[in-house]
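# Structural features, examined
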Amino acid sequence: MTINSITIRKPDDCHLHLRDDSILRVVLPYTVSQFARAVIMPNLVTPITTISLAESYRNEILTSCPGEFDFHPLMTCYLTDMTTPKEIEFGFFENVWVAAKLYPIGVTTNSNQGVTDLIKIAPIFECMEKIGMPLLIHGETANSDIDIFDREAVFMENSLLPLLKRYQGLKIVLEHITTNETIDIVRKYAPRIAGTITPHHMMLNRTSLFQGGFQPHHYCLPIAKREYHRLALRKAATSGESCFFIGTDSAPHLRSIKESSCCSAGIFVAATALQSYAQIFAEECALNQLEAFASLNGARFYGLPLNKGTVTLEQNPSRVLKTITIGDDEIVVFRGGELIPWSIKNNK
Ligand code: NCD
Ligand code: ZN
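The numbers attached to residues start from 1 for each chain and follow its sequence in the written order. Here the convention is simple: chains get letters from A, ligands get numbers from 1, in the order in which they are written. With pLDDT at 70 or above as the cut-off, local features in this predicted model cover only qualifying residues; side-chain atom pairs require 80 or more to be listed or tallied, and sums for whole chains, interfaces and linings still use all residues. In computing side-chain properties, one takes all heavy atoms of the structure into account and sets aside hydrogens as well as water.

### Some thoughts on the pattern of salt bridges
For this document, the term salt bridge refers to a Lys or Arg side-chain nitrogen within 4 Å of an Asp or Glu carboxyl oxygen. Counted under the stated rule, the structure contains eleven salt bridges. A salt bridge links Glu283 to Arg234; the nearest nitrogen and oxygen atoms lie 2.6 Å apart. Of this pair, Glu283 sits in helix H10 (residues 273-283) while Arg234 sits in helix H8 (residues 227-237), and the two are 49 residues apart along the sequence. Arg234 gets classed as buried once you look at its relative accessible area, which sits at 6%. A cluster of three or more residues bridged by salt bridges with shared partners is formed by Arg234, Lys235, Glu283 and Glu284. For helices the rule is a DSSP run of H or I covering at least 4 residues; for strands it is a run of E covering at least 2, with both sets numbered from the N terminus onward. Only protein chains enter the area calculation, which uses a 1.4 Å probe; residues under 20% of their type maximum are buried, those over 50% are exposed, and those in between are partly exposed.

### Focus: the site of ligand 1
Looking at ligand 1, there are 15 residues lining it, with Arg19, Asn43, Thr108, Leu221 and Asp249 nearest. Two N or O atoms form a polar contact when they lie within 3.5 Å of each other; inside protein one atom must be a possible hydrogen donor and the other a possible acceptor, and for residues adjacent in sequence the pair counts only when both atoms belong to side chains. The contact in question runs from an oxygen atom of ligand 1 to an N or O atom on the side chain of Arg19, over 2.8 Å. Taking Leu221, its main chain carries an N or O atom lying 2.7 Å from an oxygen atom of ligand 1. Protein contact buries 100% of the 310 Å² of open area that ligand 1 shows by itself. For the shell around ligand 1, the class distribution of residues is four nonpolar, nine polar and two charged. Proximity is defined per residue: any heavy atom of the residue falling within 4 Å of a molecule or strand makes that residue near it. Surface exposure here means Shrake-Rupley accessible area, sampled with a 1.4 Å probe, where a residue is shielded only by the protein chains that are shown. Throughout this entry, Asp, Glu, Lys and Arg are counted as charged residues, while Ala, Val, Leu, Ile, Met, Phe, Trp, Tyr, Cys and Pro are counted as nonpolar. The remaining residues, Gly among them, count as polar.

### Regarding the packing of aromatic side chains
A pair of Phe, Tyr and Trp rings is counted when the ring centres sit within 6.5 Å of each other, with Trp represented by its six-membered ring. The angle between the planes then sorts it: under 30 degrees is stacked, over 60 is edge-to-face, the rest tilted. If you walk through the whole model with that rule in mind, you get ten aromatic pairs. Taken together, a centroid distance of 5.9 Å and an interplanar angle of 80° make the contact between Phe301 and Tyr302 edge-to-face. Accessibility classification places Phe301 together with Tyr302 in one group, the buried group. Cation over ring: Arg206 sits above Phe149, and NZ or CZ is 4.6 Å from the ring centre. Geometrically, a charge over a ring is one whose NZ (Lys) or CZ (Arg) sits within 6 Å of the ring centre while staying within 35 degrees of the ring normal.

Distances and angles like these do not, on their own, reveal function.
Below you can see the structure in the form of structure tokens.
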């Protein structure tokens, strides 16, 4: 029997880049119309490294939020070599942040203040393990000598596995996972570890990056991998296993920056995220697992109450705008302008 519509509990986006100022105001409505909460990435140009920066960024998000939506941004702390356990612990107990984000220095957009060597933040890991605060990891090596398609695997082998051994109580989310091997690691060490999966890594493979010429709007980090990894990600996400959940990694960049001699990494997926997930789950005959992946597993991992409202998706092809305007520039929407088989019907 084909299912034509599905109603799920309001979902959480457990990995989201909202930026600030004018970009924030333009992109936020797309997220709040789909998700009740989002784990907000702290890699602004001035990264969110302190409690006071997190509080003012949170206020900026809330004041930019369209009034009809009850949206809860969940803030994260950007770890640097200088982060103190006191800042981490106090911010966690005061409910300023839900987690801390580890960017190995230089690994992705705005990570130039990231951690130079994991050993330098050993006291932070000890503190987070003690207080039960999740560590969110951009799991790629920043060593530019390593082939870009191997950077996730090398990080897991050289950095993650020793970290898991050393801090056996530390809760970890491996963000935007892209390989079959990382899926196996998540499964092996669950439930203290989980993995977020983006819609684009389940729809694109590395060949899509070069289809008909280089496609800057498909370039993100970690970079899309071979087809068998993409298929493994679809199986993991749709399996219903509690260690996998939504993290869209929606990462808007202006078109002028994407289409330049040095294209920034990141894809703006917020406007078509839930529709894309629904399509993937329908294609995998697993719509009955969508609610777990979208609305239950992440909340449970973070120890948050489940959201109250619902969202209904239906098999009713529709088009989303190709681009959204921002000043005299624009942001290209992932799958914008395509006829997408699933659409959002309503949202209570
Ligand atoms: C993200 C961004 O633009 O902030 N880019 C990306 O390619 N995913 C950063 C990140 O999550 O790596
Ligand atoms: Zn990200």
